Amino acid sequence: MSSVETGPAMLSHAPRPPRPSAVANALTFGWRAVLKFKHVPEQLFDLIMTPLMFTLLFTFVFGGALAGSTSDYLQFFLPGILVQTVVFNSVYSGMGLSTDLSKGLFERFRSLPIWSLSPFAGLMAGDVLRHTIAGLIILSVGLVLGYRPEAGILGVLFSFMLLIAIGFGVGWIFIVLGLLIRTPMTVMTIGFTFIFPLVFASNIMVRPETMPGWLEAFVVRNPVTHMATALRGLMSGTATAGDVMLALTAPVLLTLVLSPLVLWLYRRN
């Protein structure tokens, strides 16, 4: 019998494995984000229950008073609650990042020969999964309650594409907070303190023309209002290119401004 030599001399001539691309790095960290749902299933409970309660409570408690009937209010409200869900769920990006930083995981990531932004791309991939799961559940409940998207399946598909784009852009805010604040609960508190006025002072739940003049002036200029308006239009088949562009303005600007800041904070830490 002959033994196969595997000494240093032989290993030095072995070809190096190809360096993984930025996309491969991002997908690897995205899979890590997916595995978190398996190991921490209570995240799904938090993800689903809050928007579900909002949908049921506002539809049946306030629907008759605000729109005359629960069915009419549901047609107005459900696209808005989808936007609210995506914006609220983006907070989990910052909380997850803060948790990883407190455990020292990102010190290890920084030492690896990978694309610098791949850990954050993985967080975003987890966000996309969260947004999609929550959105499908809320839409399913809405269909059971009587909601009907007039634009059909194509309108729903375009609406979810817009939702993912919104979640991607808004998520950068909370990634910055996660890099600056090492306590997950503090990230959540500060995040919701910032997000709550934007979400509730919008047209998600109530039409702006029913509000006092000073508040209506703010609401019609609120980026969340533009997002909800575009989503309603896509669902009903009445959206214009201008509506969609207004809805995407804030997410695009947030991505352009905050992604370089995230990389700088990441390298500085």
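Residues numbered from 1 in each chain as written. Predicted model: local features only at pLDDT ≥ 70, side-chain atom pairs only at ≥ 80, totals over all residues. Heavy atoms only, no water.

1. Focus: the overall build of the chain
Helix and strand content of the chain: twelve helices and zero strands. When the helices and strands of the chain are listed from N to C terminus, the series reads α-α-α-α-α-α-α-α-α-α-α-α. The principal-axis extents of the C-alpha atoms in the chain amount to approximately 85 × 40 × 35 Å. Out of the 269 residues in the chain, the part that is buried amounts to 43%. In the chain, once contacts between residues fewer than 6 apart in sequence are set aside, the share between residues at least 24 apart is 77%. In the structure as shown, the chain presents an accessible area of about 14000 Å², 71% of it carried by carbon and sulfur atoms. Within the chain, one finds 16 positive and 11 negative side-chain charges whose respective centroids are separated by 11 Å. (Helix = DSSP H or I, 4+ residues; strand = E, 2+ residues; numbered from the N terminus. Buried < 20%, exposed > 50% of the residue type's maximum accessible area, 1.4 Å probe, protein only. Contact = heavy atoms within 4.5 Å. Areas by Shrake-Rupley, 256 points an atom, 1.4 Å probe, with all protein chains shown as cover. Lys, Arg positive; Asp, Glu negative; His and termini not counted. Charge placed at Lys NZ, Arg CZ, Asp CG, Glu CD.)

2. Observations regarding the side chain of Asp-100
For Asp-100, the location among the structural elements is in helix 5 (residues 91-102). With relative accessibility at 5%, the residue Asp-100 sits in the buried group. Residues in contact with Asp-100, not counting those within four places in the same chain, are Arg-32, Lys-36, Leu-105 and Phe-106.

3. A closer look at the pattern of salt bridges
Here the structure, examined in full by the defined rule, presents one salt bridge. We note a salt bridge from Arg-130 to Asp-127, for which the minimum N-O separation is 2.0 Å. Here the residue Arg-130 and the residue Asp-127 both occupy positions in helix 7 (residues 118-145), the gap between them amounting to three residues, near one helical turn. Taking relative accessible area as the criterion, Asp-127 reaches 1% and is therefore assigned buried. (Salt bridge = Lys/Arg side-chain N within 4 Å of Asp/Glu carboxyl O.)

4. As for helix 4 (residues 70-89)
Helix geometry: helix 4 is bent most strongly at Phe-77, by close to 35°, with proline Pro-79 lying one to four residues after it. Of all 20 residues in helix 4, 16 are buried; the element is thus mostly enclosed. (Bend = angle between axes of the 7 residues up to and from the residue.)

5. Side note on the nonpolar core
Core analysis: the largest hydrophobic core is formed by 60 residues, its most contacted members being Val-83, Phe-120 and Ile-175. When residues in this core are grouped by element, the largest group, 13 residues, is from helix 8 (residues 152-180). With sequence-adjacent residues up to four places away left out, Val-83 is seen in contact with Leu-163, Ile-204, Val-224, Met-227, Ala-228 and Leu-231. (Core = buried A, V, L, I, M, F, W, Y, C linked by side-chain atoms within 4.5 Å.)

These figures come from the coordinates and say nothing about function on their own.
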